[in-house]
Amino acid sequence: MSIENSRRAVPAVGPWAPWFPAGRPGLGALPEHAGRTGNGTWWADHPFEPWAAAVSCGGYTVLAGDPRATDPADLAPLAHTYVVAPDRFLPVLGAAFEQIIPWERMIWVHRDPAPAVPRAPRPTVRRLTPRDTPAVRALGPDLAWLGASWGGPAGLTASGRGWGAFREGRLLSLACVHFSGSRYEDIAVATLPTERGRGLATACVRALCADITARGSAPSWTCSRDNHPSRGLAAKTGFHLIHEYVHYAVGAPSALQPRSQVAAAP
C-alpha cells in the first residue's frame, strides 16, 4: 500500500466499492463521512486499480482488500490510530507496528424512543452553532476527539450536527455526530467530570437522536465492551445492541522500508 494519499473523495464506483459498502452503522459510516465532508485521507496500493485500500478519519482507520498487496512498511502513516480490518490483515499489522492491542467494541442502533422523564429545571440544551466554537475548544484536550472527525471544533460547530448542555454560556455536556453515513449517523457523547450524574448527557443524546431521525437517518452508537457507563446510557436512550467486533490500537511503526512507491491519483 502506498504512503501516497489524497484528501479528495474517492469515487463511489470502482474496485474498492464493495470493500466500503454504504449504509452501515458505527465505524462502517467512516468512509462515507470522509467522502461527504472531505475530512480524512484515502490510501491505496494503486491509484486506479487497487487491490487494497484504507480510509482514515478522526484517529480511526478502516482497512480492506487483499493483504498480499499491502507492504507492512507502507502502513507507517497509520501509526497510533485504531484500525478496523478483517482478520486476514493481522499478519500485516503485526509486521507493520511494534504493537497491536485488540479492543472489543460494540455497535448499537436506535430503535425505540426512550420515554420522556420529567425533570427539574436544567441547563439549556440546544444545537451548537459556529459561535460555540470557543466553548467546544474550552472542553480541553481530553475531549478534543469529539471534533476530530470534523477537522476540529470549528468544523464540528459549523456542521450543525452537535447538541450541547449550557449553563451561563459554559458547555457542560456534548453529543454530536462522529461519522455521518447515508443511512446511519454514529454519535459520540461526553460530559465534564464535575457535571456527570445530572442527566445532561441523556438530554443531549435525546435531542441529537430526534434531530438525526428528523433528517431521515438512523442514530448508531459505538463503545468499548467494558465501558459500562456508555453501555448504560445507550440502553437508557433507546439503543439496542446489534453487533460486537474487535478493532486494534496500533503503536509506533516497525523499522521497515517500503518495497515500492506509487503515485497518488490525480
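Quantities reported herein were computed from a predicted structural model and do not represent experimental measurements.

## So, the layout of surface pockets
Step number 1: Considering only enclosed or pocket space, the largest pocket measures out at about 920 Å³ in volume.
Step number 2: Along the wall of the largest pocket there are 35 residues; nearest its centre are W145, V189, A190, N227 and S230.
Step number 3: Looking at the lining of the largest pocket, the elements that each hand over two or more residues are β6 (100-110), β9 (170-180), β10 (184-191), α5 (200-214), β11 (218-224) and α6 (228-236).
Step number 4: By residue class, the composition of the lining of the largest pocket is 17 nonpolar, eleven polar and seven charged.

## Quick notes on the environment of F89
Step number 1: Here F89 is to be found in the loop between β5 (82-84) and α2 (90-96).
Step number 2: Residue classification places F89 among the buried positions, given a relative accessible area of 0%.
Step number 3: In sequence terms F89 and L63 are 26 residues apart; their C-alpha atoms lie 8.3 Å from each other.

## Thoughts on the side chain of T81
Step number 1: Assignment of secondary structure puts T81 in the loop between β4 (60-65) and β5.
Step number 2: Separated by 2.7 Å, the side chain of T81 and the backbone oxygen of L78 make a polar contact.
Step number 3: When neighbours within four sequence positions are excluded, T81 is seen to be in contact with G59, T61, Y248, A249 and V250.

## A few points about the pairing of strand β3 (residues 52-57)
Step number 1: Within β3, six of the six residues are buried, which leaves the element mostly enclosed by the surrounding structure.
Step number 2: Burial along β3 is two-sided: the residues A52, A54 and S56 and A53, V55 and C57 are all buried.
Step number 3: Relative to β3, strand β2 (residues 41-44) runs antiparallel, the two being bridged by four bridges. Among the inter-strand pairings, A44 is bridged to a residue of β3, identified as A53.

## Section: the nonpolar core
Step number 1: If you look at the biggest cluster of nonpolar residues, it comprises 37 residues, and the most contacted ones within it are L146, L171, L174, V205, W221 and F239.
Step number 2: Those elements giving two or more residues to this core turn out to be β6, α3 (133-137), β8 (162-167), β9, β10, α5, β11 and α6.
Step number 3: Here the element with the most residues in this core is α5; it accounts for eight residues.
Step number 4: Within the second largest apolar cluster, 17 residues are counted, among which are W42, V55, I107 and F179.

## With respect to the confidence of the model for the protein
Step number 1: The pLDDT averaged across the protein works out to 86; a share of 86% of its residues lies at or above 70.
Step number 2: The least confident element of the protein, judged by mean pLDDT, is strand β1 (residues 5-6) at 42; the most confident is helix α4 (residues 153-159) at 97.
Step number 3: Taken as a whole, residues 1-13 scores under 50 in pLDDT and shows 45 contacts with residues more than four places along the chain or in a different chain.
Step number 4: Per-residue pLDDT stays below 50 along residues 260-266; that stretch engages in 19 contacts with residues further than four places along the chain or on separate chains.

Parameters at a glance
Every chain is numbered independently, its residues counted from 1 as its sequence is written. Given that the model is predicted, a residue must reach a pLDDT of at least 70 before its local features are reported, and side-chain atom pairs must reach 80 or more before they are shown or counted; all residues, however, enter totals for whole chains, interfaces and linings. Hydrogen atoms and water are omitted, and side-chain values are computed over all heavy atoms in the structure. Buriedness for pockets is judged along seven lines, at least five of which must meet protein on both sides within 12 Å for an open set on the 1 Å grid over protein atoms alone, while cavities are sets there where a 1.4 Å probe fits but cannot get out, and lining residues have an atom within 4 Å of a point. Grid points are joined across faces, edges and corners, and a volume is the space filled by probe spheres set on the points. Helix and strand definitions follow DSSP, with helices as H or I runs of at least four residues and strands as E runs of at least two, each counted in order from the N terminus. When residue character is reported, Ala, Val, Leu, Ile, Met, Phe, Trp, Tyr, Cys and Pro are called nonpolar, Asp, Glu, Lys and Arg charged, and the others, Gly included, polar. Only protein chains enter the accessibility calculation, which uses a 1.4 Å probe; a residue whose area is less than 20% of its type maximum is buried, one above 50% is exposed, and one in between is partly exposed. For this analysis, a polar contact is any N or O atom pair within 3.5 Å, provided that within protein one partner can donate a hydrogen and the other can accept it, and provided that sequence-adjacent residues contribute only side-chain to side-chain pairs. Residues count as neighbours in contact if any of their non-hydrogen atoms are within 4.5 Å of one another. The criterion for strand pairing is that DSSP finds at least two bridges linking the strands in question. Here, the term nonpolar core denotes a set of buried Ala, Val, Leu, Ile, Met, Phe, Trp, Tyr and Cys residues that are joined through side-chain atoms within 4.5 Å. pLDDT gives the predictor's per-residue confidence on a scale running from 0 to 100.

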